[in-house]
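A look at the structure
Spelled out, the chains give:
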Amino acid sequence: MRRSSSDWSNLGSDYDEARRKANQVIINVNQFFPLLDSEIRVYKDKMSYLGDNSVGKPLRPFPNVEGAIEKSGTLPSIKEEEVPPAEAPDTQTEDSTLFATELDGEQQQRQRQATSTPKSAATGSHDDEWTADRKRKILTMKQTVEEAVARHYRDAMLALKQGDDLTAMRKLHRCIALRPDDADFYHHRAELFVRQCDFRSAIANYRKCMRLQPEAAGSAGYWDRLAFLYLFYGQTLFDQGYYAEALENFAKASEMQPDNVAYQTRSIACLTALGRHSECLALVNKRLETNNSNPDLYVMRARLHFIFKSYTLAYYDAKDALAISPGHSGAAQMRDYLFESARNYGRQAVELAINGRLREAHKKASLAIDMDPSVAEFHVRRAALNRRLGDFNAAVEDCLMAMDKCDHDPASKPFTDAQRQLLLTFNDFAVECYMKGFYEESVGLLEKAIKAEKEEKALYINRGDCFYRLGRLQFAQLDYEQAWDLDPNDSSIGLRLSLVHHRMGQAAFQEKDFAKSVDCLTRAIERNPLCHHLWTARGRSRYFQTDLKNAQVDLAVALLLKAELDEAMRTLLTRLFPSVPTDKILTGTTGLRQKAEKELARYYQSPQPESPAGAASQQQQQQQQQQQQQHTDSPDGPKAGKERRRRKKRAPKSSIPSVAECAKDRQLNCDLVRDKSRLGR
C-alpha cells in the first residue's frame, strides 16, 4: 500500500521534531517507514539522504550512530540529560515514547515480514524493483572501496592477459588511488612501465614497494629487481652517451649488490669513458682486495695501467691473470702485445746507440724494460747506456737486476755481460771520482770491482793510481806489481812502477837515507831506463854517498838521453865536473861516454818493456835515438874519442899522471868536500 503526499508531510514534521528533541542522536527512519523508497548511507561524520537521482542536504553529525544501530537495530532511547535545557519538553505531558506513531516490537516484526514477502505480479513493476533493491546489502565506505579495488584489479589483470597495457595501466592507477598502501599494485605498475621502457617510473614504483614492505623487499625480489633496473637504465644511458647519468645508476646498482662484478664493471666502463681513470683504477684495486681470483679484474687493471703508461704493472697484471686462467684470451693478447713492443723498442735502442744518440736510445731501452721486465738483456743494454751517460748508480742497479733475473748462473751469457758491465761501471765511476779528487771513494769502488773480478789488470792499475794520489806508495806498488804479473808486456805498468820508485827514492833522499834512495831509483831505472830524471836523481844520491864515479856515469847517461840541461843537471854538473865545459864532459873525460853507454845498455837491453807508455812513446824513442846519433856524429863525439884512443895506443903510455891532471883531481875532491859540508849544515 502506497502512502499519500499528506502522510509524507506529516511524517516529515514528526521526524524534524524528533531530531530537534534528540539533539545528537540518529533516528532510524526505517522503523517508522519500512516502505520508504530511499537509502541512507552512513559516513564517518555525516549522513546523507539520497533520493532518486538527487542528493539531500547532509544531516548533522551524531555520535555512535553506527554502533547504536548495529547493536539494537532500533533507535536508542533519549535520556533527559541529552535534551537541551531550552528545548526540554514538559515532563508531565511527555510519555516514555518518542513519537506517538512509534510502532511496538510486534508491529515492527510484522512489517518486516510483510516487506520480505514476495509481491504478486498484480502489484506492479514498481513494487518488484523496490523489493529487489531492498534486498541488496547496504555496504559501508570501506566495503565499497574494497569492492571497487577488487573490480579494477580484475580488470587490470584481464587487460594484461589480453595485451592491453594502457587499460591495465589505467585500472592500476585507480587501484593505487583507492588503496595507496598496497605494494602489489606498485609492483604490477612497475612491470608495465618496464614493458613501456619507462625505467625511471619503474624504478620509482619499485622504490615505493620497498618502502611499503621493507622487511619483505628481499624475499619478494624487489631488491634484485630494482638493482637490475638501475643497471638496465644505466646501460641505455651509456649507449646514448650520457655517461655521467649512467654512472650514477651503475653506482646505485653496485651499492645494492656489491658482490655482482657486472655492476662494478659497468661503473668502471663509465669512469673510463668519462676519462676518470684514477677513480676507475681505485675501484678496481678495491675490488681486487676482496676478490683476487678473478682474471677479468686483472686484465681490466692491466689495461688501465697501460693507459697510465705503467707498462711494467700492466705486464705483471697480465701475468697474474694468465696464472689464474692460462687460456684467458684478453690476458694472452695483452702479454703478446707487450712482448712484441718490447723487442721492437730494444732493436731501436741498439740502432740509436750505434748512431751516438744515447739519450734517445736510453728512452727506447727503458720502454723495452717496462713492457717486458723479465728479459735480462734489456737491463744490460740500459746499464751500458747509463754508464756512457755518466749515470753510474742507475747502471749498477740495472746490472744487479740483470744478474738476479739470470739467477746468477755463470753459464748464462746475460749474466756474464751484466758482470762485465758492472765492472766497467765501477771502474768508470771510480775514474769519475778520481777526476774530481774523491780518491777514497774511488778506492772503495775499485775494491768492489776487484772483489768481483780478480783477473782484470785495469782495476789494479786504477786503484794503484788512487793510492799514488793518496800518498800510499806501498799499496800503489803492490797494485802495480799485481797488474804487472797479469800482463808483463804492458809498458804503462812499468812506467807507473818507475814513478812509484822514483817518489819513494825522493822521500828517502829527503830523509837522508841515501842508500835506500839509490836502491829505489835503481828499480825505477829498471822500469824506465830512458828517463833522464831518474839518472840525474840517482847520480845526486850517489854524490852524497861519495860514490863520485858512479855519480859521474849516471850524469853522463842523463846527458846522453837529453842534450838540453835542466836545473838539476846543471847543479850536479858544477859539483861533479866543476871546471869542465858541458860540451866537453862526454868527450873530454876519459872513457866516460863509453861507461855511460854501457850502463844504459845494461838496463835498456834487459827484459824490460820496449817503450814506457805515457812517458816515452815510440816517436820519442826515435827522437832520442836521433839525438844519440847526433852526439855520436859530433866532432867531439865517439868518433873523435876513438881517434884519440888509437893515437894513444900508438904513443908510449906514461904510468905517472901529469901535474895538471893531479891538480884537477885535487880541486874536484876539495869541491866535493865543501859541497858535502854545506849540505850537512
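Parameters and conventions
- Residues numbered from 1 in each chain as written.
- Predicted model: local features only at pLDDT ≥ 70, side-chain atom pairs only at ≥ 80, totals over all residues.
- Heavy atoms only, no water.
- Helix = DSSP H or I, 4+ residues; strand = E, 2+ residues; numbered from the N terminus.
- Buried < 20%, exposed > 50% of the residue type's maximum accessible area, 1.4 Å probe, protein only.
- Contact = heavy atoms within 4.5 Å.
- Areas by Shrake-Rupley, 256 points an atom, 1.4 Å probe, with all protein chains shown as cover.
- Phe/Tyr/Trp six-rings, centres within 6.5 Å; stacked < 30°, edge-to-face > 60°.
- Lys NZ or Arg CZ within 6 Å of the ring centre and 35° of its normal.
- Salt bridge = Lys/Arg side-chain N within 4 Å of Asp/Glu carboxyl O.
- Expected span 1.5 Å × (residues − 1).
- Core = buried A, V, L, I, M, F, W, Y, C linked by side-chain atoms within 4.5 Å.
- UniProt positions renumbered as here; feature names shortened; annotations may be inferred.
- Axes fitted to C-alpha atoms, helices over the stretch in contact; angles between N-to-C directions.
- Parallel < 35°, antiparallel > 145°, perpendicular 65-115°, else oblique.
- Left-handed = near helix turned anticlockwise from the far one by under 90°.
- Nonpolar A, V, L, I, M, F, W, Y, C, P; charged D, E, K, R; others polar.
- pLDDT = per-residue confidence, 0-100.
- Polar contact = N/O pair within 3.5 Å; in protein donor to acceptor, adjacent residues only side chain to side chain.

Quick look at the overall build of the protein
In terms of helices and strands, the protein carries 32 helices and 3 strands. For the protein, buried positions account for 38% of its 681 residues. By sequence separation, contacts in the protein at least 24 residues apart represent 55% of the contacts at least 6 residues apart. Here the protein has roughly 40,000 Å² of accessible surface; of this, 51% comes from carbon and sulfur atoms.

Quick notes on the packing of aromatic side chains
What characterises a pair of aromatic rings is the spacing of the ring centres plus the angle enclosed by the ring planes. Under the definition given, this model contains 18 aromatic pairs. Seen in terms of ring centroids, Phe238 and Tyr243 are 5.1 Å apart; in terms of plane orientation they differ by 65°. Their pairing is edge-to-face. Classification of Phe238 as buried rests on a relative accessible area of 18%. On the numbers, 5.6 Å between centres and 10° between planes, the contact of Phe514 with Phe544 is stacked. With a gap of 30 residues between them, Phe514 in helix α24 (residues 514-527) and Phe544 in helix α25 (residues 532-544) connect regions that are remote in the sequence. Exposure class is identical for Phe514 and Phe544. Each is buried. Here the aromatic cluster, defined as three or more aromatic residues joined through ring pairs, consists of Phe199, Phe228, Phe232 and Tyr233. Residue placement shows Arg266 over the ring face of Phe238; its charged tip is 5.0 Å from the ring centre. Just above the ring of Tyr468 sits the side chain of Arg503; from NZ or CZ to the centre is 5.0 Å.

Comments concerning the side chain of His277
With respect to the secondary-structure elements, His277 resides in helix α12 (residues 277-290). Looking at His277, the relative accessible area reads 19%, which means it is buried. What His277 contacts, discounting residues up to four positions off in sequence, is Leu271, Thr272, Leu304, Ile307 and Phe308.

Remarks on the pattern of salt bridges
Summed over the entire model, instances satisfying the criterion amount to 27 salt bridges. A salt bridge links Asp336 to Arg335; its shortest N-O distance comes to 3.4 Å. Residue classification places Arg335 among the partly exposed positions, given a relative accessible area of 31%. Two residues, Asp479 and Arg463, come together in a salt bridge whose shortest N-O distance is 2.8 Å. Of the two residues, Asp479 sits in helix α22 (residues 473-486) while Arg463 sits in helix α21 (residues 457-470), which places them 16 residues apart along the sequence. A relative accessible area of 16% means that Arg463 is categorised as buried. The structure contains a network of salt bridges with shared partners spanning Arg538, Arg542, Asp554, Glu599 and Arg602.

Let's talk about helix α10 (residues 243-256)
Taking 1.5 Å of rise per residue, the 14 residues of α10 would be expected to cover 20 Å, and the 20 Å separating its terminal C-alpha atoms lies within 8% of that figure. Regarding α10, the residues found buried are Ala246, Leu247, Asn249, Phe250, Ala253, Ser254 and Met256. Where α10 is buried, its residues meet α8 (199-212), α9 (222-239) and α11 (261-273).

A closer look at the nonpolar core
Counting 54 residues, the largest nonpolar core has Leu226 and Leu229 as the members making the most contacts within it. Top element by residues in this core is α9. It accounts for 9 residues. Apart from residues lying up to four places away in sequence, Leu229 is in contact with Val194, Phe199, Ala202, Ile203 and Tyr206. Residues Leu423, Leu446, Ala449 and Phe467 belong to the second largest nonpolar core, which totals 35 residues.

What to know about the UniProt feature "repeat: TPR" (unreviewed entry) in the protein
Under the UniProt annotation, "repeat: TPR" (unreviewed entry) lies at residues 183-216, 227-260 and 457-490. For residues 227-260, the helix share is 79%, the strand share is 0%, and the end-to-end C-alpha distance is 10 Å. Annotated as 82% helix and 0% strand, the span residues 457-490 places its first and last C-alpha atoms 10 Å apart.

Observations concerning the environment of Ala507
You can see Ala507 is positioned in helix α23 (residues 491-510). Residue classification places Ala507 among the partly exposed residues on the basis of a relative accessible area of 36%.

Notes on helix α6 (residues 165-178)
When the terminal C-alpha atoms of α6 are compared, their 20 Å separation across 14 residues agrees well with the 20 Å that a helix rising 1.5 Å per residue should span. Buried within α6 are the following residues: Asp165, Thr167, Ala168, Met169, Lys171, Leu172, Cys175 and Ile176. Buried residues in α6 make contact with α5 (141-162) and α7 (183-195).

Considering the packing of α21 against α22
At a minimum axis separation of 8 Å, α21 and α22 run at an interaxial angle of 160°. On the basis of their axis angle, the class for α21 and α22 is roughly antiparallel. For the pair α21 and α22, the sense of crossing is left-handed. On the side of α21, the interface is formed by Lys457, Tyr460, Ile461, Arg463, Gly464, Asp465, Phe467 and Tyr468, while α22 contributes Leu473, Phe475, Ala476, Asp479, Tyr480, Gln482, Ala483 and Leu486. Residue composition of the contact of α21 with α22, by class: 10 nonpolar, 2 polar and 4 charged.

Quick word on the confidence of the model for the protein
On average, the protein scores 74 in pLDDT, and the residues at 70 or more come to 67%. Across residues 117-126, where pLDDT falls below 50, the model places 7 contacts with residues more than four positions away in sequence or in other chains. pLDDT under 50 marks residues 672-681. Its contacts with residues more than four places away, or in other chains, come to 13 contacts.

Quick notes on the environment of Asn249
Within the secondary structure layout, Asn249 lies in helix α10. The exposure class assigned to Asn249 is buried, which follows from its relative accessible area of 8%. On a C-alpha basis, the gap between Asn249 and Phe232 in space is 8.7 Å, while along the polypeptide they are 17 residues apart. Excluding residues within four positions of it along the chain, Asn249 makes contact with Ile203, Tyr230, Tyr233, Gly234 and Leu237. There is a polar contact of 2.8 Å between the side chain of Asn249 and the backbone oxygen of Glu245.

Some remarks on the side chain of Asp554
Along the chain, the position of Asp554 falls in helix α26 (residues 548-561). Asp554 gets classed as buried once you look at its relative accessible area, which sits at 0%. With near-sequence residues (within four places) excluded, Asp554 lies in contact with Trp535, Arg538, Gly539 and Arg542.

Remarks on the packing of helix α19 (residues 413-435) against α21
Here α19 crosses α21 at 20°, and the two axes come no closer than 11 Å. It follows that α19 is roughly parallel to α21 by the angle criterion. Crossing geometry of α19 relative to α21 is assigned as left-handed. Residues Leu423, Asn427, Val431 and Tyr434 of α19 touch α21, and the partners they reach there are Ala458, Leu459, Asn462, Asp465, Cys466 and Arg469.

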